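# Analysis of the macromolecular model
One letter stands for each residue in the lines below.
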Amino acid sequence: RARARARAMSRGFWTYKDLKEAHQTYETIEAADPNNPAKHFYMGMTMQMAGQTESADEHYENFCKRCIEFFGSILQAVEFHEKRLQDLKAQGQTTFDDREAYNVQEMIHILRDHNKARRRRRGCSLM
């Protein structure tokens, strides 16, 4: 998962400044609410941008697990983040030029990928 996202990020959207900001966001969330699932997303991004794909995948996996605990299910987490993305877009933000909207979109992709992988492991072909 992290390798595919790294290719997307390599198109120039992320810079060293983004790496630093992602890590700062992680630290802010960790200090304010250690149970917030988003902290794992931001640390995953930090590790991914630093080229640590295995560590990034572990944090993305923890993001999904914490979302299940926090929201009750992957689907409820996806619904929450989809609504959040819709709200951001209604405010004029886009996933191309706004970091928050882009990050929420990535959270949705990670959650959906996690859900698909879970279903494959269980032998279910429906999404």
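Residues numbered from 1 in each chain as written. Predicted model: local features only at pLDDT ≥ 70, side-chain atom pairs only at ≥ 80, totals over all residues. Heavy atoms only, no water.

### Re the packing of helix α4 (residues 53-71) against helix α6 (residues 99-122)
Between two packed helices, both the angle of their axes relative to each other and the distance between the axes serve to describe the pair. Orientation of α4 relative to α6, taken along the N-to-C sense of each, is 85 degrees, at an axis distance of 10 Å. Classified by the angle their axes make, α4 and α6 are roughly perpendicular. In this structure, α4 contributes Tyr60, Glu61, Phe63, Cys64, Cys67 and Ile68 to the contact, and α6 contributes Met107, Ile110, Leu111, His114 and Arg118. For the contact of α4 with α6, the per-class residue count stands at 8 nonpolar, 1 polar and 2 charged. (Axes fitted to C-alpha atoms, helices over the stretch in contact; angles between N-to-C directions. Helix = DSSP H or I, 4+ residues; strand = E, 2+ residues; numbered from the N terminus. Parallel < 35°, antiparallel > 145°, perpendicular 65-115°, else oblique. Contact = heavy atoms within 4.5 Å. Nonpolar A, V, L, I, M, F, W, Y, C, P; charged D, E, K, R; others polar.)

### Quick look at helix α5 (residues 74-90)
With 17 residues, α5 extends 24 Å between its outermost C-alpha atoms, agreeing within 8% with the 24 Å of an ideal straight helix rising 1.5 Å per residue. All of the buried residues along α5 are Ile74, Ala77, Val78, His81, Leu85 and Leu88. An end-on view of α5 places all buried positions within 95 degrees of arc, on one side of the element. Across α5 from its buried face, at more than 90 degrees, point the exposed residues Glu79, Gln86 and Ala90. (Expected span 1.5 Å × (residues − 1). Buried < 20%, exposed > 50% of the residue type's maximum accessible area, 1.4 Å probe, protein only. Arc of directions from axis to C-beta.)

### Details of the side chain of Asp98
Here Asp98 lies in the loop between α5 and α6. The side chain of Asp98 sits in the buried core without any salt bridge; Arg99 is the nearest counter-charge, 8.0 Å away. (Lys, Arg positive; Asp, Glu negative; His and termini not counted. Salt bridge = Lys/Arg side-chain N within 4 Å of Asp/Glu carboxyl O.)

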